[in-house]
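Examining the three-dimensional arrangement
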Amino acid sequence: MKGIKSHTCRSPWQIPGLWVLLFFFSHAQALTPEHETRRLMLATEEAIEEEQWQQASEYLNRLQGLGTDKPPAYLYYRGKVMLETGFEAKALAALENYIEEAGEEGQYYTDTLKMITRIEQQGAAAAQSAEDNQGEQVAVIEPAGTGTLKGLKQLYLADSDAQALEVHLNTLLGLAGWYRDARIVKAGAVPDIHYRVTAAQGQIKI
């Protein structure tokens, strides 16, 4: 029939390059878990030396999935990679475990202690930065406009000028609360810092 073309089904071995991939894959899978652990440890070490942190992280994840006994260096590698990729808490746990397991005789003992100190310093710097930012939070009070005291008393049903001003000022301050994340403020959300004014016995308290 016209318009119909016949296709010949190609054997997988006829696909260029496929047999090469299958060859290497089958040989990698043929390694026992102990040898595969050693191979991945070497691969992780090379990735770290070249500062290929993502690649090193992938090797470490594969090592973790093997379920075999791993040398102490595994903990050191894991701590170093976690630190370089921004996971300080996980890095600290791995490095402390390395010290406990390898002791002073460990190959990376000194470097591990230095990294633990680095994590401590980074934590202290972050805490200081948060404290400094906390001290810079300031509420801005803007003029209420051209309204009169009589109008405010009628608006808020206040008994006195002072009460009317207090209620009005707190209404404005309720809109000027400080939010830790001011990018998204949901309706009705309670501010992280809320300012309020009270007037009594000739004193104004904030």
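So, a few notes on the structure that sits alongside this text. (Residues numbered from 1 in each chain as written. Predicted model: local features only at pLDDT ≥ 70, side-chain atom pairs only at ≥ 80, totals over all residues. Heavy atoms only, no water.)

A tally of regular secondary structure across the protein chain gives eight helices and two strands. Listing every helix and strand of the protein chain by position from the N terminus yields α-α-α-α-α-α-α-α-β-β. A burial count over the protein chain gives 22% of its 206 residues as buried. Put simply, 43% of the contacts in the protein chain that link residues at least 6 apart link residues at least 24 apart. (Helix = DSSP H or I, 4+ residues; strand = E, 2+ residues; numbered from the N terminus. Buried < 20%, exposed > 50% of the residue type's maximum accessible area, 1.4 Å probe, protein only. Contact = heavy atoms within 4.5 Å.)

Owing to its 3.6 residues per turn, the α-helix brings residues three or four apart onto one side. Its 14 residues place the ends of helix H3 (residues 53-66) 20 Å apart at the C-alpha level, agreeing with the 20 Å of an ideal helix rising 1.5 Å per residue. Buried within H3 are the following residues: Trp53, Ala56, Ser57, Tyr59, Leu60 and Leu63. The arc that holds the buried residues of H3, viewed along the axis, is 160°, so those residues lie on one side. Turned more than 90 degrees away from the buried face of H3 sit Gln54 and Gly65, all of them exposed. In the core, the buried residues of H3 are packed alongside helix H2 (33-49) and helix H4 (73-84). (Expected span 1.5 Å × (residues − 1). Arc of directions from axis to C-beta.)

What follows deals with the pattern of salt bridges. Using the criterion set out here, one finds three salt bridges in the structure. Residues Arg62 and Glu36 are paired through a salt bridge, measuring 3.8 Å at the closest nitrogen-oxygen approach. Remark: Glu36 occurs in helix H2 and Arg62 occurs in helix H3; sequence separation between them is 26 residues. What makes Glu36 buried here is its relative accessible area of 9%. Between Glu84 and Arg118 there is a salt bridge, with the nearest N and O atoms lying 3.2 Å from each other. In this pair, Glu84 is assigned in helix H4 and Arg118 in helix H6 (residues 109-135), connecting sequence segments 34 residues apart. Look at the salt bridges and you will find they share partners, linking Glu36, Arg39 and Arg62 into a network. (Salt bridge = Lys/Arg side-chain N within 4 Å of Asp/Glu carboxyl O.)

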